[in-house]
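# What the coordinates show
One letter stands for each residue in the lines below.
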Amino acid sequence: MLISLRNKQYQFSFISLILVILVVSLCFYLAEWQMQRAENKQQRLDYIAVMQNKGELDWAKLNNLPATFNKTGLQLKTTGKLDSHKYWLLDNRTLNGRAGYDVITIFYPSISNSLPFNPVNKQQALLVNFGWIPQGESRNQLPKIQLPKQEITINVQLKQGDLAGFYLSDAGLTAQGWPKQIQFIDIHMQTEQSSQQLVSYMAYAMDKNPLAQPHYQSVVMPPEKHHAYALQWLLIGFAALGIFIFAVRSQNNNQKNTQKALNKQIPIGEVNDK
């Protein structure tokens, strides 16, 4: 393929041009995608900061909020009881490079200080992630946890919306008995399994507790990392374009130098005389 630019001709293969266009376009697309993710993460952090500025809510104030209000980022401090027999172990959780589970329990908030929770009343319960526990020696045997039967006070941060996160499409779970091993959070599924009416959001323990090690992060990857990845993809794209231009110019310069050398070796006049 031959093109002219500023009275100079450049020759290169059509396939190499298509490959460069594809690589550069992909790099610029990935850079734009990372910038969008950074913006989304920043918006989420800003929203959570606004929610946290509201301070700690109790169960009564939380239930007074509109049903359509997104409760992500709100902090809840309330007293109640755990279901000491039913809990889930969220699989494929790692902490400091160690494999383990997150402990998901059913928490029954007290309606008031004078009216503790009574399961017969079918009051809505709350799923609480108390944090991480180690896997143990074998995956075939799930760890046993002794849940407290007495009333406890929890300090948690709420999350509503996408609770499942990443999981395998064929992810299985332990169907019989308790505890149940699960691969993702699905409040509808866990409502059916536990036969309890669960609220549509989840709580994550923020304080140290005897059950597990809290490790919840509102945003796993901060916006700054996405900006860094975006810059990286931009640099890769510009580098690919620069390498292509340099290679084309070098190839054309080599061809010109070769042609000049041939012209010097066999002058045109001598060729005509012969």
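Look up: the structure comes first, before these words.
Residues numbered from 1 in each chain as written. Predicted model: local features only at pLDDT ≥ 70, side-chain atom pairs only at ≥ 80, totals over all residues. Heavy atoms only, no water.

## A closer look at a nonpolar patch on the surface
Taken together, the side chains of F14, I15, I18, L19, I21 and L22 make up a nonpolar region of the molecular surface, amounting to roughly 600 Å² of accessible area. By the secondary structure assignment, L19 is in helix α1 (residues 14–52). (Patch = residues over 30% accessible without salt bridge, like charges linked within 9 Å, V, L, I, M, F, W, Y side chains within 5 Å. Areas by Shrake-Rupley, 256 points an atom, 1.4 Å probe, with all protein chains shown as cover. Salt bridge = Lys/Arg side-chain N within 4 Å of Asp/Glu carboxyl O. Helix = DSSP H or I, 4+ residues; strand = E, 2+ residues; numbered from the N terminus.)

## Topic: unusual backbone geometry
In this structure, P179 follows W178 across a cis peptide bond, with omega equal to 0°. The residue P179 is located in the loop between β7 (152–160) and β8 (180–182) in this model. Even without being glycine, N92 reaches a positive phi, approximately 60°. Look at S195: it is not a glycine, yet its phi comes out positive at around 55°.

## Regarding the pairing of strand β9 (residues 198–205)
With seven of eight residues buried, β9 is to be regarded as a mostly interior element. Pairing of strand β6 (residues 125–134) with β9 involves four bridges; the strand directions are parallel. Paired with N129 across the strands is Y204, a residue of β9. Relative to β9, β7 is paired through five bridges, and the arrangement is antiparallel. Directly across from Q157, in β9, lies its bridge partner Y204. (Buried < 20%, exposed > 50% of the residue type's maximum accessible area, 1.4 Å probe, protein only. Pairing = 2+ DSSP bridges.)

## Considerations on the packing of aromatic side chains
In the structure shown here, the tally under the stated rule is three aromatic pairs. It is K180 that lies over the ring of W178; its NZ or CZ is 4.9 Å from the centre. (Phe/Tyr/Trp six-rings, centres within 6.5 Å; stacked < 30°, edge-to-face > 60°. Lys NZ or Arg CZ within 6 Å of the ring centre and 35° of its normal.)

## Structural notes on the side chain of D83
Along the chain, D83 turns up in strand β4 (residues 75–95). Although D83 lies buried, it forms no salt bridge, and the closest oppositely charged side chain, K86, sits 4.6 Å away as judged by the N-O distance. Separated by 3.3 Å, the side chain of D83 and the backbone nitrogen of K86 make a polar contact. Once you skip the residues sitting within four places of it in the chain, D83 turns out to touch I106, Y108 and L147. (Lys, Arg positive; Asp, Glu negative; His and termini not counted. Polar contact = N/O pair within 3.5 Å; in protein donor to acceptor, adjacent residues only side chain to side chain. Contact = heavy atoms within 4.5 Å.)

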